[in-house]
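Structural characterization, general
This is what each chain is made of:
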Amino acid sequence: MDGPLMASGRTPALARWATLAIVLTLGTIRSGRAQPPATNSGADFKRAQTDMDRSSAYLVTSLAAMTQQLKELAAKAQVAGQKEQLEKQLGELYEPHNAAVTMLLVQTYLAAVERALADGGLEAQAIDRVVTVWGLTKTDVLAQREKGINWSSILLSQALGKVADKPTADLLALYEKGQSWSEIAASFPVKAETLGGEIEKVFKE
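First, a word on what this report is: a plain description of the structure on this page.

Rules used in this analysis
- Residues numbered from 1 in each chain as written.
- Predicted model: local features only at pLDDT ≥ 70, side-chain atom pairs only at ≥ 80, totals over all residues.
- Heavy atoms only, no water.
- Axes fitted to C-alpha atoms, helices over the stretch in contact; angles between N-to-C directions.
- Helix = DSSP H or I, 4+ residues; strand = E, 2+ residues; numbered from the N terminus.
- Parallel < 35°, antiparallel > 145°, perpendicular 65-115°, else oblique.
- Left-handed = near helix turned anticlockwise from the far one by under 90°.
- Contact = heavy atoms within 4.5 Å.
- Nonpolar A, V, L, I, M, F, W, Y, C, P; charged D, E, K, R; others polar.
- Phe/Tyr/Trp six-rings, centres within 6.5 Å; stacked < 30°, edge-to-face > 60°.
- Buried < 20%, exposed > 50% of the residue type's maximum accessible area, 1.4 Å probe, protein only.
- Lys NZ or Arg CZ within 6 Å of the ring centre and 35° of its normal.
- Core = buried A, V, L, I, M, F, W, Y, C linked by side-chain atoms within 4.5 Å.

**Examining the packing of helix α6 (residues 151-164) against helix α7 (residues 168-176)**
Remark: α6 packs on α7, axes separated minimally by 8 Å, with the N-to-C direction vectors making an angle of 130°. Between α6 and α7, the angle is such that the two are oblique. The two elements α6 and α7 meet at a crossing, and its hand is right-handed. Residues S153, S157, Q158, L160 and G161 of α6 lie in contact with α7, whose contacting residues are T168, L171, L172 and Y175. By residue class, the composition of the contact of α6 with α7 is four nonpolar, five polar and no charged.

**A look at the packing of aromatic side chains**
A full pass over the atoms with the stated rule returns one aromatic pair. For the pair Y175 and W181, a centre-to-centre distance of 5.0 Å together with 15° between the ring planes defines the contact as stacked. With a relative accessible area of 4%, Y175 lands in the buried category. Above the face of the F45 ring, R115 is positioned so that its terminal group lies 4.9 Å from the ring centre.

**Considering the nonpolar core**
By size, the foremost hydrophobic cluster in this structure holds 31 residues, and its most contacted members are W151 and W181. Those elements that place two or more of their residues in this core are α3 (83-120), α4 (123-134), α6, α7, α8 (181-187) and α9 (192-200). Excluding anything up to four places from it in sequence, W181 contacts D51, S55, M103, Q107, S153, L156, S157, L171, L172 and Y175. Counting eight residues, the second largest nonpolar core, distinct from the first, contains F45, L59, L104 and A186.

**Quick notes on unusual backbone geometry**
Note: most peptide bonds trans; most residues except glycine with negative phi. Positioned with a positive phi, D165 is a non-glycine residue whose angle comes to about 55°. Within the secondary structure, D165 sits in the loop between α6 and α7. What makes D165 exposed here is its relative accessible area of 67%.

Have a look at this one:
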């Protein structure tokens, strides 16, 4: 069974789209038009870091709980003749945590995107890209920005909503109630490359 985000192809896939995100933010998005509306970009980045801390805290708690479940499984497991069943049980315990770890890595990359957007003055162009890629209205995106929702949360809610087939508004409601993005992702397990690929669409030419 693959270790968390260490299986062949998973971490490289994340690194690939993350690098594209940071580089193409200053390329693809820069090619847009208009001047960015006023936003508190410093606060956006700090919020992204705070959200990473929340996801990290969730992971500490959830991994401790998983460890206890693994101990209980080990105490009851019958290895001989039940290898497939044991692997299935391990997978069921592991997958939500894999999604949570994946989300924290994604948050790291998007925090860098927050900085790139702020340093490049690319707010309006970023809005145009999100509208184009995900079919949102500019009014909806601006409304989220005016509520203080940073780009990390906009992108995460849209991407996770797409791959988990959940309404974005429901995901943002969970986030605004205090759940971390890792906790939300663990509720709707998704593969690292699927989530990364969905976000990567924003940064492709």
